[in-house]
Amino acid sequence: MSIDMEQFHQVFFEESFEGLEVMEAGLLRMDGGAVDDEEINAIFRAAHSIKGGSGTFGFTEVADFTHVMETLLDEMRDGRRPVTPNTVQVLLRSVDVLREMLTATREGASPDPEQVRIQQAELESVLASPGTAPPEASVDAAPESREQAPEAAGWHIVFRPHPHMMRTGNDPLRIIRELAELGDLQVTGDVSLLPPFSEFDPEECYLSWDLHLDAPVDRARIDEIFDWVEDDCDLAIMPVMIDAPREEAPGPDQSRLSAVSPPAERRVGERRSPEPRRRQERRSGQASPSSSIRVDIGKIDALINMVGELVITQSMLSLLGDDFHMGQLGRLRDGLAQLDRHTRELQESVMQIRMLPISFTFSRFPRLVHDLGAKLGKKIELKMTGENTEVDKTVIEKIGDPLVHLVRNSLDHGLEMPEERIAAGKPETGTVELNAYHKGGNIVIEIRDDGRGLDRDRILAKALERGLVQEDHNLTDRQIHELIFQPGFSTAEQVSDVSGRGVGMDVVRRNINELGGSIEIESEPGQGSAIIIRLPLTLAILDGQTVAVGDETYIVPLISIVESIQVRREMIHLVAGRGETIRLRDDYLPVIRLHEVFGIENPRATDLVDGLLVVVEGEGGQFGILVDDLIGQQQVVIKSLEANYQRVEGISGATILGDGSVALILDIPGVLRLAAGAGDVDQLQQSA
Amino acid sequence: MASILAVDDSASMRQMVAFTLKGAGYDVIEAADGVEALNIAKSKGVNLVITDVNMPNMDGISLIKQLRALPSYRFTPLLMLTTESGQDKKQQGKAAGATGWIVKPFNPDQLLNTVKKVLG
């Protein structure tokens, strides 16, 4: 029977990468001093599974390497080796190497043999160092009795099962049958131990056998057959030589060997031409280009249930349509309402399939914080909450890098050195929090630290130097915080190895905007700062406000809308250098007329008081968008313009409305750029 | 056709075992750990159990012990999947009532041969 083992490879790699996460997270917790048995057990199991799978699927190098890790973990698990920081570090490095090996193997390349060799040597040196007990030698028995096998013409076997044998699920008959398959077998039963009928227990085995196998087979074949029952019987296996008289059993033969021991301990040679492919990006386990997703079976079941409901509703409606008369109007309405409900539920269930817990992204941070903290000489505690908050898979894949950047920033610029913290009367250990939670149809991710906060004066000085603001501008804290999102802005005294990687906060914001989200900063000097990211739960469907401008309909993402107001004449103010603004409470909001931005010919409202003003939040500031009318709120399915036509500035996509017409979805930051570029709103970015 | 309960916390191994056995015409039920397996075994009744040893929640050895204690599983073949270095695991397994073991790594043919052996 030939089975294509490759079909299991993808699952194997997926679970192996998950296993690596488990190992890494566990090791990091142990590094923090928490050593509990279940933790070590979980790490061991992960290594064990990777070893078992890689052996089975033929990835010998991975299996060999993991075997050494497993041996070390096994000693730790059994308490034969203490858990020391050094051991944990070695294991952490081994996890990295193993990850690279798996990544390379998945892509059909060979792992870098040199790196593997070095790491394996390091593991072995730890193993060789005295734990509390000497490392166990390989238990595999060498096939010691092989030498006597070939010359035997047959075998004489005395087989006396212990009474309980059948209770192990073994069956003497099966063993005898198997022996008979090897050649001509003479069976002599011994019933002498059979008790009188009154004492007979049908669950016990009272028989024994004298077996003569007339076949020149290997001793190992015989041993293999008795392998499982060697402790549950008296057994003598004696070779029968040609012409030699049959001898009596010399008593139970104790020399045993484990017959089934494939050569799994083969040392690795380079089996393919070494083409070490270094892969820099770690965690590629999640961002695999050949995308697949593992879905909880419960979600699939819910989906199937829902489809079932839908089919029932559909058949009910079509039955109704067969001979419809007005008397059935009520039933038709009910049916349509049901259809509506089931469709919505189905939609939600389908969306659920793409949802993954944010822990997929968060899980990299303990390691990152651990490594960076050591590098920077800072004491840092990472607190994570809401790891189970679910978010769209695409968001998970794309939010990783921006988050890494933000956390690095917090560690590098936000948190102070221990001495500085003590001097400021704070605990020596700085805290970084990663929080995720759902709020109003969005997911919010916060990165909070209790460091020094943003330095208002330095940011302002830098902005003046760069000509981003003018002296006379009186900026609020919030506007100053906004400045760090400007391209090319960096306040670090010197570009450090840690966070100065040429990626600025402007790129972070752009990435987040591309996901349809927003980012803002809160900061309290000396107390710390917080970065708050809001993202839509899914990228396929959007909660939108439909608005009318002239004959056109546009969708404004609900996530961007602060409020919608009717402008009164006295709210309009002309501010020098900023054009027309609306005074809303204490703020002056710049105004964008949508019909001007998109060149719409016959708007109903050109005067601010004739239309409605949608106040939106974008690029850190609020501004008003003038539209003719608000039509309604609805969920719209996003169709990509780029995929179907081309990228259009100010538009993030399109959707099809209930009446079949197409409506464009506004990209608020893009609209802002368009308006600023057209000179419509002077220096909107700064004044916003 | 005989039904087999395949227990392993590793999805790829479980799939491999299940796929191989199904291909040979057996009914296969899968379980991801000992607890799940024990529940299935109690409610369904199977002809053979093949279990991994290292698993969360309930490991293979405990599973075998608990199964063997059930009246309906007194004589059922219970096989464990173990690694070449697991000599003491084999002993523990035997003590718990395991029928035998399949040594990892194994290929589908070895698995099928072993299963045929115990299911007759």
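Residues numbered from 1 in each chain as written. Chains lettered and ligands numbered in written order. Predicted model: local features only at pLDDT ≥ 70, side-chain atom pairs only at ≥ 80, totals over all residues. Heavy atoms only, no water.

> Hey, could you go over the overall build of chain A for me, with residue numbers and the actual values?
Check the secondary structure of chain A and you find 20 helices and 22 strands. Looking at chain A as a whole, 46% of its 688 residues are labelled buried. Relative to all contacts within chain A whose residues are 6 or more apart in sequence, the contacts with residues 24 or more apart total 70%. Carbon and sulfur atoms make up 51% of the accessible area of chain A, which amounts to about 33,700 Å² in all. (Helix = DSSP H or I, 4+ residues; strand = E, 2+ residues; numbered from the N terminus. Buried < 20%, exposed > 50% of the residue type's maximum accessible area, 1.4 Å probe, protein only. Contact = heavy atoms within 4.5 Å. Areas by Shrake-Rupley, 256 points an atom, 1.4 Å probe, with all protein chains shown as cover.)

> So what about the interface of chain A and chain B? Which residues, and what values?
Opposite the 43 residues of chain A that make contact, chain B presents 44 residues. For the pair chain A and chain B, the summed buried surface comes to about 3,700 Å²; carbon and sulfur atoms form 58% of the total. The salt bridge partner of A:Glu178 is B:Lys117, with a shortest N-O separation of 3.6 Å. If you look at where chain A meets chain B, you find 14 residue pairs in polar contact (both at pLDDT 80 or more). Breaking the side of chain A that touches chain B down by element, the ones donating at least two residues are helix 1 (9-31), helix 2 (37-56), helix 3 (60-77) and helix 6 (172-180) of chain A. (Buried area = accessible area lost by both parts, 1.4 Å probe. Salt bridge = Lys/Arg side-chain N within 4 Å of Asp/Glu carboxyl O. Polar contact = N/O pair within 3.5 Å; in protein donor to acceptor, adjacent residues only side chain to side chain.)

> Can you tell me about the sheet that holds strand 21 (residues 651-656) of chain A, naming the residues and giving the values?
Sheet strands line up and pair through hydrogen bonds in the backbone, either parallel or antiparallel. Residue and element names in this part refer to chain A. The sheet built from 5 strands is open, its strands ordered 20-12-13-22-21 with mixed pairing. Only two strands of the sheet have a single partner each, and these edge strands are strand 20 (629-637) and strand 21. Here the average twist between neighbouring strands, direction ignored, is 35°. Pairing of strand 12 (residues 541-549) with strand 20, which is carried by 8 bridges, proceeds in the antiparallel orientation. Within strand 20, the residue paired with Ile541 across the bridge is Val637. (Pairing = 2+ DSSP bridges. Axes fitted to C-alpha atoms, helices over the stretch in contact; angles between N-to-C directions.)

> Tell me about the pairing of strand 17 (residues 587-593) of chain A, and please be specific about residues and values.
Residue and element names in this part refer to chain A. A large share of strand 17 lies buried, amounting to 5 of its 7 residues. Strand direction decides the pairing type here: strand 16 (residues 579-584) and strand 17, joined by 4 bridges, are antiparallel. Among the inter-strand pairings, Arg583 is bridged to a residue of strand 17, identified as Tyr588. Here strand 16 folds back onto strand 17 in antiparallel fashion, the turn holding 2 residues, of which Arg585 has a positive phi close to 50°. Where strand 17 and strand 19 (residues 621-627) come together, 3 bridges link them in parallel fashion. The residue bridging Ile592 from the neighbouring strand is Ile625, located in strand 19.

> Describe the sheet that holds strand 4 (residues 78-83) of chain B, with residues and values.
Residue and element names in this part refer to chain B. Spatial strand order, 2-1-3-4-5: 5 strands in an open sheet with parallel pairing. Here the strands that pair on one side only, and so sit at the sheet edges, are strand 2 (27-31) and strand 5 (100-104). Strand-to-strand twist across the sheet, computed as the mean angle between neighbouring axes with direction ignored, equals 20°. The sheet contact formed by strand 4 and strand 5 spans 5 bridges and is parallel. The partner of Thr82 across the bridge, within strand 5, is Val103. Lying on the sheet, helix 4 (residues 87-96) is in contact with strand 4 and strand 5; it crosses strand 4 at an angle near 165°.

> For the packing of helix 11 (residues 365-376) of chain A against helix 12 (residues 393-414) of chain A, give the residues involved together with the corresponding values.
All names here are of chain A. One way to put it is that helix 11 packs onto helix 12 with a least axis distance of 11 Å and a crossing angle of 35°. In this structure, the crossing between helix 11 and helix 12 has a hand that is right-handed. Mapping the contact onto sequence places Phe365, Leu368, Val369, Leu372 and Leu376 in helix 11 and Leu403, Val404, Val407, Arg408, Leu411 and Asp412 in helix 12. Across the contact of helix 11 with helix 12, the residue classes tally to 9 nonpolar, no polar and 2 charged. (Left-handed = near helix turned anticlockwise from the far one by under 90°. Nonpolar A, V, L, I, M, F, W, Y, C, P; charged D, E, K, R; others polar.)

> Lay out helix 2 of chain A with the relevant residues and their values.
Residue and element names in this part refer to chain A. An ideal rise of 1.5 Å per residue puts 28 Å on 20 residues; helix 2 measures up with 28 Å between its terminal C-alpha atoms. Burial within helix 2 is extensive, with 16 of its 20 residues counted as buried. Immediately beyond the C-terminal end of helix 2, within one or two residues, lies Gly58, with a positive phi of roughly 85°. (Expected span 1.5 Å × (residues − 1).)

> Describe the UniProt feature "modified residue: 4-aspartylphosphate" (unreviewed entry) in chain B, with residues and values.
UniProt tags B:Asp52 as "modified residue: 4-aspartylphosphate" (unreviewed entry). Beyond its immediate stretch of four places on either side in the chain, B:Asp52 contacts B:Val7, B:Asp8, B:Asp9, B:Gly60, B:Leu81 and B:Lys104. (UniProt positions renumbered as here; feature names shortened; annotations may be inferred.)

> Lay out the confidence of the model for chain B with the relevant residues and their values.
Within chain B, residue pLDDT values average 88, and 97% of them lie at 70 or more. The complex model carries a pTM of 0.50, and its ipTM stands at 0.83. (pLDDT = per-residue confidence, 0-100.)

> So what about the pattern of salt bridges? Which residues, and what values?
Overall, the coordinates contain 44 salt bridges over all chains when judged by the stated rule. The closest approach of N and O atoms between A:Glu520 and A:Arg534, which form a salt bridge, is 3.0 Å. Residue A:Glu520 is located in strand 10 (residues 518-524), and its partner A:Arg534 is located in strand 11 (residues 528-536); the two are separated by 14 residues in the primary sequence. Its relative accessible area of 21% is what places A:Glu520 among the partly exposed residues. A relative accessible area of 24% means that A:Arg534 is categorised as partly exposed. For the salt bridge of B:Glu30 with B:Arg14, the shortest nitrogen-to-oxygen distance reads 3.3 Å.

> So what's going on with the side chain of A:Ser560? Which residues, and what values?
With respect to the helices and strands, A:Ser560 occurs in the loop between strand 13 (552-557) and strand 14 (561-565). When residues no more than four places from it in sequence are discounted, the contact partners of A:Ser560 are A:Val615, A:Val616, A:Glu617 and A:Ile668.

> Summarise the confidence of the model for chain A; cite the residues concerned and give the values.
Residue and element names in this part refer to chain A. Counting all residues, the mean pLDDT for chain A is 79, and 84% of those residues have values of 70 or more. Looking at the elements of chain A, mean pLDDT is at its lowest for helix 20 (residues 684-687), recorded as 42, and at its highest for strand 13, recorded as 91. Per-residue pLDDT stays below 50 along residues 244-289; that stretch engages in 86 contacts with residues further than four places along the chain or on separate chains. Overall, residues 679-688 carries pLDDT values under 50, and its contacts beyond four positions in sequence, including any with other chains, amount to 26 contacts.

> Provide a residue-level description of the packing of aromatic side chains, including the pertinent values.
By convention here, two paired aromatic rings are described through the distance between centres and the angle between planes. Taken as a whole and assessed by the stated rule, the structure comprises 12 aromatic pairs over all chains. One aromatic cluster is present, built from ring pairs that chain together A:Phe8, A:Phe12, A:Phe13, A:Phe57, A:Phe59 and B:Phe19. Seen from the ring of A:Phe44, A:Arg77 lies directly overhead, with NZ or CZ sitting 3.7 Å from the centre. One Lys or Arg, A:Arg509, reaches over the ring of A:Phe485 and ends 4.1 Å from the middle of that ring. (Phe/Tyr/Trp six-rings, centres within 6.5 Å; stacked < 30°, edge-to-face > 60°. Lys NZ or Arg CZ within 6 Å of the ring centre and 35° of its normal.)

> Break down the UniProt feature "modified residue: Phosphohistidine" (unreviewed entry) in chain A for me, with residues and values.
Residues annotated by UniProt as "modified residue: Phosphohistidine" (unreviewed entry) correspond here to A:His48. You can see A:His48 is positioned in helix 2. The residues contacting A:His48, other than those within four sequence positions of it, are A:Glu70, B:Asn54, B:Thr83 and B:Lys104.

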